[in-house]
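# Working through the structure, step by step
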Amino acid sequence: MNEYKEDLAMDKEMRARELADKYLDGLTTPGEERWLARYFADGGDTVPRELEPVKALFAYIGSERLAMAAPSAPKRSVKVRLRLFIASAAAAAVVVFAVVAYANRRHGGYAVIDGRVYTDRQTVNEEALDALHIVASDCGESFDAFELMQ
């Protein structure tokens, strides 16, 4: 009886070596890969030393599969993302207006637009308004994109 168990263990070890070689060559079937995964999981410390790297590979693959199968955090709804986008666009507009207002109050203030320095208040105001119109037009396109995602 004991001899039978030893023969069975030797057969499993030989099959594991053959399948590991096949696996590393990319020639195994899904069933053979499942057999190898079970062999490495059940083998414990009895896995031959030369198969340890393959055992480690199967352990890594198994942990990645578990991580992928774990439920992920709930995704934010489109409405929540839309509100966050609107809030960030509004905050950006407030910052632009604050900078322009501060620059206009200072005597000798200036603004740098596209690498050029402007000191004329009217030009700075017009450029700021143009920038806000661009942001506002982009917001509408983004809203359309959010609606398509639903």
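Right above here is the structure, for reference.
Notes on the structure follow. On a predicted model such as this, the values are computed, not experimentally measured, just so you know.

## Some points on the packing of aromatic side chains
Scanning all chains against the criterion turns up four aromatic pairs. Where Tyr 23 meets Phe 58, the ring centres are 4.8 Å apart and the plane angle is 45 degrees; that geometry is what we call tilted. Taken together, the residues span a long stretch of sequence, with Tyr 23 in helix α1 (residues 2-24) and Phe 58 in helix α3 (residues 52-69) at a distance of 35 residues. An identical accessibility class is assigned to Tyr 23 and Phe 58; each is buried. Centre to centre, the rings of Tyr 39 and Phe 40 are 5.5 Å apart; their planes meet at 65 degrees, and the pair counts as edge-to-face.

## A short note on the nonpolar core
In terms of nonpolar packing, the biggest core is built from 12 residues, these being Ala 16, Leu 19, Ala 20, Tyr 23, Trp 35, Leu 36, Tyr 39, Phe 40, Val 47, Leu 51, Val 54 and Phe 58. Residue assignment for this core shows that the elements contributing at least two residues are α1, α2 (30-43) and α3. With residues up to four places along the chain from it excluded, the contact list for Leu 36 reads Ala 16, Leu 19, Ala 20, Tyr 23 and Phe 58.

## Examining a negative patch on the surface
A cluster of acidic residues, Asp 114, Asp 120, Glu 126, Glu 127 and Asp 130, forms a negative patch on the protein surface. Looking at the secondary structure, you find Asp 130 in helix α5 (residues 121-149). In this structure Asp 130 comes out as partly exposed when scored by relative accessible area, which is 42%.

## Topic: the pattern of salt bridges
Counted according to the given criterion, the structure contains three salt bridges. Ionic pairing is found between Glu 13 and Arg 17, a salt bridge with its closest N-O pair at 2.5 Å. Residue Glu 13 and its partner Arg 17 are located together in helix α1, separated by four residues, close to a single helical turn. The class of Arg 17 is partly exposed, set by a relative accessible area of 31%. A salt bridge links Glu 50 to Arg 17; its shortest N-O distance comes to 1.8 Å. Of this pair, Glu 50 sits in the loop between α2 and α3 while Arg 17 sits in helix α1, and the two are 33 residues apart along the sequence. Connected via shared salt-bridge partners are Glu 13, Arg 17 and Glu 50.

Cut-offs and rules
Residues numbered from 1 in each chain as written. Predicted model: local features only at pLDDT ≥ 70, side-chain atom pairs only at ≥ 80, totals over all residues. Heavy atoms only, no water. Phe/Tyr/Trp six-rings, centres within 6.5 Å; stacked < 30°, edge-to-face > 60°. Helix = DSSP H or I, 4+ residues; strand = E, 2+ residues; numbered from the N terminus. Buried < 20%, exposed > 50% of the residue type's maximum accessible area, 1.4 Å probe, protein only. Core = buried A, V, L, I, M, F, W, Y, C linked by side-chain atoms within 4.5 Å. Contact = heavy atoms within 4.5 Å. Patch = residues over 30% accessible without salt bridge, like charges linked within 9 Å, V, L, I, M, F, W, Y side chains within 5 Å. Areas by Shrake-Rupley, 256 points an atom, 1.4 Å probe, with all protein chains shown as cover. Salt bridge = Lys/Arg side-chain N within 4 Å of Asp/Glu carboxyl O. Lys, Arg positive; Asp, Glu negative; His and termini not counted. Charge placed at Lys NZ, Arg CZ, Asp CG, Glu CD.

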